Amino acid sequence: MLVGTVSACSDDDGGAADPGPDRGSGGLLSTDLAVEVDPDEPTAPSEFDVRPGTEEVTVTGVEPEQRLSLVDADGRRMVVLHADKYGQAHFSYLPDELAEFKTGARAKLPTDQGYVVPAGKGYTIRLEDSEPVQVTEPFEVWGFDDHPDPSWYDDQTGTIGPSGDETDWFGYVTMRDGVQLSINVRLPGPVADGPYPTVIEYSGYGPSNPDSTEPGSMIAALLGFATVGVNMRGSGCSGGVFDVFNVAQQVDGYDTVEAIARQPWVKGNQVGMVGLSYSGITQLYTAATQPPSLAAITPLSVIREPWLQQWPGGVYNGGFTRQWLAERDNQSSAGGTSWVQKRLDGGDETCESHQELREQNIDFEAFGKSLVQRPDLADVRDLSKLVSNIEVPVFLSGAWQDEQTGPQFTDMLGNFTASEDANFTLFNGRHPDGYTPEVLSRWFEFLQFYLVEQVPNLDDGLRAASPTVFGDFFGTPDLEFAEDRFDQYLPDQYDAALAAYQAEPAVRVIFERGVGGVTGSPIGLYETTYDTWPPTDVEEVSFHLGGDGTLSTAPPSGEGVDRFLNDPESAEVDFFGEAGYQLLVPTWDFDWRNWSEGDAASYVTEPFTESVVLGGGGYVELFMKVPGASADVQATLTIIRPDGTEWLITSGLLRLSDRAVAATSEGLRIDRTFSAADAEDMPDDEFASAKVSIPGFAQAFRPGDRLRLTVSSPGRDFGAWTFANSGEADEVRDIAWGGDLASRLVVGRLPGVVVPDGEPWPCPSLRGQACRPYEALQNTPAG
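Residues numbered from 1 in each chain as written. Predicted model: local features only at pLDDT ≥ 70, side-chain atom pairs only at ≥ 80, totals over all residues. Heavy atoms only, no water.

Lay out the overall build of the chain in plain terms, naming residues and giving numbers.
The secondary structure content of the chain amounts to 13 helices and 38 strands. Over its C-alpha atoms the chain spans a radius of gyration of 28 Å, differing by no more than 12% from the 28 Å that the globule rule assigns to 783 residues. Projected onto its principal axes, the C-alpha positions of the chain cover 85 × 70 × 45 Å. Here the chain, with 783 residues, has 61% of them falling under the buried criterion. (Helix = DSSP H or I, 4+ residues; strand = E, 2+ residues; numbered from the N terminus. Rg over C-alpha atoms; globule rule 2.2 N^0.38 Å. Buried < 20%, exposed > 50% of the residue type's maximum accessible area, 1.4 Å probe, protein only.)

Next comes the structure, spelled out in structure tokens:
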């Protein structure tokens, strides 16, 4: 029987489901079942439960190991799954050719080369091992653009509320396919004193944990907002199958916004979203589905897309990303966190009923690792493609040196083309720095304008208390909210204040955070603004690699080849010292190791004679020759100060077989498909051009400073990222320079920045930027 679903409203004409790729008439792999269903075979109505959803179908109520087939409207079997030990199976990923698979206990995904269940009508499920075969009534699977009629959400009005006079309660919200997500609501006061401006924090961590509050919700609550923490499907006490950022989780965001916004305690029947990292990323996915009741989003410290996060530049991220995905897999298992187990021990029957389906969760870390080349299937989770759907106002912040999520997000900032007001705050810094007052002061303004709809005015008591709160969190005593920037406007002058706010440039860039106050404090020394990122009037500058390790805007007079050797052991080396990675301490303990002679190639400019700000992203075009089909290469930019201290700026990575540049590349931005079709072996015994993309950054150089480019195998120059390096130790890597093989660094010169005179920076001090005494490196000529 079909359970827990509503009818989708779409522009579809109700035609049959797209059967996906042509699997042929006899494409059998490991099953004795034919692709085509025998239309004359006797069948019986199904006695098991089927829950169709968005690009997925869940079956419960059969016997363990029984075989279930998903059949399309044309009567073709798409995949055959064996039920797990609880009699369940979850259809989501489909093989290109019919095959049969076991499920449960972190079973391998059906395929890493297939596709997901296409949206459409006319699907059925067959219980192949029953006599006669049981078959469901035809059902519909929804797609990204399909949504329930608004009246379905209207029916949930008043259903999410306290049982008494509580201002803090745990509960569940129902999704379009009947799956229930666990939530925790916290109001500033009694329901009767509402309604309240309300924000949602949505992730797979513990936002619905009744005994703990996520930082974004905690800050919002202190500022007078009602907060709703929501666990994504398959996590916490929520139902459903966990699949990182899949379309089902994306449209769950839509359903959550629409259901919460209709509650009587929500002011204006519209909500905002808050959160950093996981709960920042989910805001982008949710907003891309365009929920009508979403007022604004505030994503902090986000990614560009999951595949690139696991394979930056095509190089496997065996550090933070691998660990993060493995932790998600573990925590989304049955009773995978202590707070969920506490709910189970306390008799939460709904939470208990959701745990068995966790048997169907996939090992996403292993699956992602198997996707050596980027499949087209990754597009549905690619935020750089999805953010163009976002229409609501956006406040986004991020650090060039974010040790966890990285700086790739900067490549998509030009894609927020539909947002009515997109605001970006960019800076040198670390992963949690979106929660510093330098950023939060503007975050508060944004929410006051677009959610509360009033002139921003921070409570004096909160402002007075902020140094203590922020000091306890970040470990420095000099942090507090900025002064109100719109206090010249009276409360009834909201429209004028909003107009002034919207007239401001969209991009704010903060420089040299860490030396603007107490050493290591997240306070910038100066800042500038632009209308776009990168700025439209950025000037491209080429620095040419030359002999004796020179790096110059003038091409070298001669030509030559430098050589370094592959060092696979460095792939697992980060830049932290004995103290290791500490998230919130003001300054990090560094052990940022220099390369030995012959293990890297180094190129350094002459000292700058005037102040200049470089950034905007860029690339290093290297003419390289390697002995095999491919090699992993790292290009790192650093600044050498007159006092002899070297500071990390940023690094780019590239698997050389993925050097093909996509047609969508523009200016300083290099796009790649990383697809198997575009992969190309390096030529035998000859040089080939490879452009290593340099992610977004902004770095000031004063007179006497020098710019350094170091080319090596991956490793050493990252914090939480380490790598699985390809190739054998001491494999040769040759870089040509000069003449027709003119390797060069291309970056932008940023306009309009007034760089103040500066004292030497204490090492360590700059947020997110490793430092060490500079050591010159003599390049090794090839041969």
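Outline the state of the cysteines, supporting the account with residue identities and numerical values.
Using the criterion set out here, one finds two disulfides in the structure. Residue Cys237 pairs covalently with Cys351 via a disulfide, S to S 2.1 Å. Judged by the sign of its S-S torsion, about -75°, the cystine formed by Cys237 and Cys351 is left-handed. Pair noted here: Cys237 is in the loop between β18 (226-231) and α3 (247-261) and Cys351 is in helix α8 (residues 349-355), with a separation of 114 residues, a long-range link. There is no split in this pair, since Cys237 and Cys351 are both buried. Here Cys763 connects covalently by a disulfide to Cys771, the sulfurs 2.0 Å from one another. (Disulfide = S-S within 2.5 Å.)

For the nonpolar core, give the residues involved together with the corresponding values.
One finds Ile390, Phe416, Trp533 and Leu707 to be the most contacted residues of the largest nonpolar core, which totals 139 residues. With seven residues, the top contributor of residues to this core is strand β29 (residues 612-625). Those residues within four positions of Leu707 in sequence are excluded, and the remaining contacts are Phe543, Leu551, Tyr603, Val604, Thr605, Phe608, Leu614, Leu637, Thr638, Ile649, Phe701 and Leu745. Listed in part, the 37 residues of the second largest apolar core include Ala295, Phe395, Phe470 and Phe474. (Core = buried A, V, L, I, M, F, W, Y, C linked by side-chain atoms within 4.5 Å. Contact = heavy atoms within 4.5 Å.)

Quick one: what's the story with the pattern of salt bridges, residue by residue and with numbers?
With the rule as written, the count across this model stands at 45 salt bridges. Linking Asp72 and Arg76 is a salt bridge whose minimum nitrogen-to-oxygen distance equals 3.9 Å. Taken as a pair, Asp72 and Arg76 share a single burial class, namely buried. The partner of Asp382 in a salt bridge is Arg374, with the nearest N and O atoms 3.1 Å apart. Look at Asp382 and you get buried, because its relative accessible area is 3%. A cluster of three or more residues bridged by salt bridges with shared partners is formed by Asp32, Arg67, Glu100 and Asp129. (Salt bridge = Lys/Arg side-chain N within 4 Å of Asp/Glu carboxyl O.)

With reference to specific residues and values, describe the sheet that holds strand β34 (residues 706-712).
Spatial strand order, β28-β34-β30-β31-β37: five strands in an open sheet with antiparallel pairing. In the strand order of this sheet, the two ends are held by β28 (600-604) and β37 (771-773), each with one partner. Neighbour to neighbour, the strand axes of the sheet diverge by 30° on average, direction disregarded. The pairing of strand β30 (residues 632-640) with strand β31 (residues 645-655) spans nine bridges and is antiparallel. Across the sheet, residue Ile640 finds its bridge partner in β31, namely Glu646. (Pairing = 2+ DSSP bridges. Axes fitted to C-alpha atoms, helices over the stretch in contact; angles between N-to-C directions.)

Go over the pairing of β31 with me, naming the residues and quoting the values.
By the criterion of burial, β31 is predominantly enclosed, with 11 of the 11 residues buried. Linking β30 back to β31 in an antiparallel pair, the connection comprises four residues, with Gly644 at a positive phi of about 85°. As paired elements, β31 and β37 share three bridges and run antiparallel to each other. From the neighbouring strand, Thr645 faces β37, where its bridge partner is Pro773.

An account of the packing of aromatic side chains is requested, with residue identities and associated values reported.
Here the structure, examined in full by the defined rule, presents 41 aromatic pairs. For the pair Tyr450 and Tyr501, a centre-to-centre distance of 6.2 Å together with 65° between the ring planes defines the contact as edge-to-face. Residue Tyr450 is located in helix α11 (residues 437-452), and its partner Tyr501 is located in helix α13 (residues 494-502); the two are separated by 51 residues in the primary sequence. Residue classification places Tyr450 among the buried positions, given a relative accessible area of 7%. You can call Tyr501 buried: its relative accessible area is 4%. Judged by centre distance (6.2 Å) and plane angle (85°), the ring pair of Trp588 and Phe590 falls under edge-to-face. One exposure class covers both Trp588 and Phe590, and it is buried. In textbook terms, an aromatic cluster arises when at least three aromatic residues are bridged by ring pairs, as seen for Phe395, Phe446, Phe449, Tyr450, Phe486, Tyr489, Tyr494 and Tyr501. The aromatic ring of Phe170 is capped on one face by Arg343, whose charged end is 3.8 Å from the ring centroid. Lying across the ring of Trp592, Arg772 places its NZ or CZ 3.7 Å from the centre. (Phe/Tyr/Trp six-rings, centres within 6.5 Å; stacked < 30°, edge-to-face > 60°. Lys NZ or Arg CZ within 6 Å of the ring centre and 35° of its normal.)

Summarise the sheet that holds strand β3 (residues 49-52); cite the residues concerned and give the values.
In a beta sheet, neighbouring strands pair by backbone hydrogen bonds and run either parallel or antiparallel. Here three strands make up an open sheet; going across it, the order is β3-β4-β7 and the pairing antiparallel. The strands lining the two open edges of the sheet, one partner per strand, are β3 and β7 (89-91). For this sheet, the mean inter-axis angle between neighbouring strands, taken without regard to orientation, is 15°. When β3 meets strand β4 (residues 57-60), the two strands line up antiparallel, connected through four bridges. Note that in β4 the partner of Asp49 across the bridge is Thr60.

An account of the pairing of strand β22 (residues 422-427) is requested, with residue identities and associated values reported.
Of all the six residues making up β22, six are buried; the element is thus mostly covered by neighbouring parts of the structure. Burial of β22 is two-sided: the residues Ala422, Phe424 and Leu426 facing one way and the residues Asn423, Thr425 and Phe427 facing the other way are all buried. In this structure, strand β21 (residues 394-399) lies alongside β22, joined through six bridges in parallel fashion. What sits directly across from Phe395, in β22, is Asn423. As defined by bridge partners, β22 adjoins strand β23 (residues 507-511) across four bridges and the pair is classed as parallel. When the bridges of β23 are listed, Phe427 appears paired with Ile510.

With reference to specific residues and values, describe a negative patch on the surface.
On the surface, Asp459, Asp460, Glu480, Glu483 and Asp487 cluster together to form a negatively charged patch. Secondary-structure assignment places Glu483 in the loop between α12 (460-474) and α13. (Patch = residues over 30% accessible without salt bridge, like charges linked within 9 Å, V, L, I, M, F, W, Y side chains within 5 Å. Areas by Shrake-Rupley, 256 points an atom, 1.4 Å probe, with all protein chains shown as cover. Lys, Arg positive; Asp, Glu negative; His and termini not counted. Charge placed at Lys NZ, Arg CZ, Asp CG, Glu CD.)

Can you explain the packing of α11 against α13? Please cite residues and give values.
It is at 11 Å that the axes of α11 and α13 come closest, and there the two elements cross at 130°. Between α11 and α13, the angle falls in the class oblique. Judged by the twist between their axes, the crossing of α11 over α13 is left-handed. Seen from α11, the contacting residues are Glu445, Phe446, Phe449 and Tyr450; seen from α13, they are Tyr494, Ala497, Leu498, Tyr501 and Gln502. Of the residues that constitute the contact of α11 with α13, the class distribution is seven nonpolar, one polar and one charged. (Parallel < 35°, antiparallel > 145°, perpendicular 65-115°, else oblique. Left-handed = near helix turned anticlockwise from the far one by under 90°. Nonpolar A, V, L, I, M, F, W, Y, C, P; charged D, E, K, R; others polar.)

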